[in-house]
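What follows is the residue order along each chain.
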Amino acid sequence: MEARNSRRGSVAETKGPNGEGQPEGRYLQSVDRMGGFAKGLAVIEAFGKGRNTLTIAEVARLSGLDRASARRCLLTLVEAKYASTDGRYFELTPRILRLGHSYMAASLPRLIQPTLDHLSDTLRESVSAAVLDGHEVVYIARAAHHRIIGPGLHPGSRLPAFCTSLGRVMLAALPVDQAKALLSGSERPAITSYTITKVPELMAELKRVRENGYSIIDQEMEIGSRSIAVPIVNFAGHTIAGITVAVHAVRAEPERLRDEILPHLLDAKAQLGAILP
């Protein structure tokens, strides 16, 4: 019936994806509305209302859809690799982050940049922010105080997550099984002689990062470079990005990163957490 109404150019549906009535014109209507797409979005949003893993019945309840519609949407997400399942429970995969990158690219840098600029001026060091995209970090903002470390880095640059301080603070925020699967399924080359590449050792590092609230990388990504990063957590408590300070090894021992730079990063984290959606 919905498809037939759409062909006639009349209102296809006056209810939202959760089945609640909507005044005519309030919800998408007529030939411009894609009911299946709206249902898929409702299913994705359901994971923000419950646990990380949900059954079909739970997704149906949280999204307001019937079980059959929820099941079709979930299986479509699995087929497109936006979700995974063990046959009973479903969970979103890191690939889902791609859906938010357009918003990230437009909004996050604008909100973060003033904090990065202030941090860079205070520390007289370069400061960067990035988001996690699968097994890589994507730089979204940067305040360069010097060009000694990473002169080629700019918004849009990508680096491996497993051996960067930014990557580790964001990987540490994932469920343990999800982080392990992501690491196991990615290439982990020994970029320098200091690079940690084995999954058990990396998982131990993520555990320390989770407990400490920050990550320090000592020449794993580049000889002569050290960096420290903290996660950016929004007011809902979700890690949405990370900020890092990179320094030349001859100018900063790990102790300086912890004692002098970390307090400023934590202040910046608190400021951003109060304003980021």
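For the structure itself, look to the data block above.
Analysis parameters
Residues numbered from 1 in each chain as written. Predicted model: local features only at pLDDT ≥ 70, side-chain atom pairs only at ≥ 80, totals over all residues. Heavy atoms only, no water. Helix = DSSP H or I, 4+ residues; strand = E, 2+ residues; numbered from the N terminus. Buried < 20%, exposed > 50% of the residue type's maximum accessible area, 1.4 Å probe, protein only. Contact = heavy atoms within 4.5 Å. Areas by Shrake-Rupley, 256 points an atom, 1.4 Å probe, with all protein chains shown as cover. Pairing = 2+ DSSP bridges. Axes fitted to C-alpha atoms, helices over the stretch in contact; angles between N-to-C directions. Polar contact = N/O pair within 3.5 Å; in protein donor to acceptor, adjacent residues only side chain to side chain. Expected span 1.5 Å × (residues − 1). Salt bridge = Lys/Arg side-chain N within 4 Å of Asp/Glu carboxyl O. 1 Å grid on protein atoms, 1.4 Å probe; cavity = no way out; pocket = protein on both sides within 12 Å on 5 of 7 lines; lining within 4 Å. Points joined across faces, edges and corners; volume = space filled by probe spheres on them.

S.K.: I would appreciate a short explanation of the overall build of the chain in the present structure.
M.R.: On a plain count of helices and strands, the chain comes out with 9 helices and 8 strands. In the chain, which comprises 277 residues, the share counted as buried stands at 48%. In the chain, the share of contacts with a sequence separation of at least 24, taken over all contacts with a separation of at least 6, comes to 55%. On the chain, roughly 14400 Å² of surface is accessible, and the fraction owed to carbon and sulfur atoms is 53%.

S.K.: Help me understand the sheet that holds strand β6 (residues 215–218) in this model?
M.R.: Taken in spatial order, the 6 strands line up as β5-β4-β3-β8-β7-β6 in an open sheet, and their pairing is antiparallel. Single-partner strands in this sheet number two, and they are β5 (158–160) and β6. The average undirected angle you get between the axes of adjacent strands in this sheet is 30 degrees. Strand direction decides the pairing type here: β6 and strand β7 (residues 225–233), joined by 4 bridges, are antiparallel. Bridging from a neighbouring strand, Asp218 pairs with Arg226 of β7. Each of β6, β7 and β8 (239–248) touches helix α9 (residues 254–273); the most contacted strand, β7, lies at about 25 degrees to it.

S.K.: Which parts of the structure should I look at to understand the side chain of Thr244?
M.R.: The residue Thr244 is located in strand β8 in this model. A distance of 3.2 Å separates polar atoms of two side chains, one belonging to Thr244 and the other to Ser165. Here Ile228 takes part through its backbone oxygen, which lies 2.9 Å from a polar atom of the side chain of Thr244. Apart from residues no more than four positions distant in its own chain, Thr244 is found in contact with Ser126, Val127, Ser128, Ser165, Leu166, Ser227, Ile228 and Ala229.

S.K.: Can you help me understand helix α2 (residues 35–46) in this one?
M.R.: Given 3.6 residues to a turn, an α-helix orients residues that are three or four positions apart in the same direction. For α2, with 12 residues, the first-to-last C-alpha span of 17 Å sits near the 16 Å given by 1.5 Å per residue. Considered for burial, the residues of α2 that qualify are Gly35, Ala38, Gly40, Ala42, Val43, Ile44 and Ala46.

S.K.: Hey, could you run me through the pattern of salt bridges in this one?
M.R.: Think of it this way: side chains of opposite charge can pair up when their charged atoms draw near. What the rule picks out here adds up to 11 salt bridges. A salt bridge links Glu125 to Arg256; the nearest nitrogen and oxygen atoms lie 3.5 Å apart. Placement of the pair is Glu125 in the loop between α5 (101–123) and β3 (126–133) and Arg256 in helix α9, with a sequence separation of 131 residues. Given the relative accessible area of 2%, Glu125 is considered buried.

S.K.: Even after reading the chapter, I still don't get the layout of surface pockets, so can you show me in this structure?
M.R.: The gaps of empty space that remain are located by a probe, the size of a water molecule, rolled over the atoms. If you add up the space inside the second largest pocket, you get close to 390 Å³. Surrounding the second largest pocket, 19 residues form its lining, Thr93, Pro94, Arg95, Gly134 and Leu182 being those nearest its centre. For the lining of the second largest pocket, the elements supplying multiple residues, two or more each, are β2 (90–92) and α7 (176–184). For the lining of the second largest pocket, the element with the most residues is α7, which contributes 4 residues.

S.K.: Looking at this model, I keep getting lost on unusual backbone geometry. Mind explaining?
M.R.: Residues other than glycine predominantly adopt negative phi, and peptide bonds predominantly adopt the trans conformation. Unlike most non-glycine residues, Lys81 shows phi in positive territory, near 70 degrees. Among the secondary structure elements, Lys81 is positioned in the loop between α4 (67–79) and β1 (83–85). If you check the backbone angles, Gln219 has positive phi at about 60 degrees while not being a glycine. Owing to a relative accessible area of 12%, Gln219 belongs among the buried residues under this scheme.

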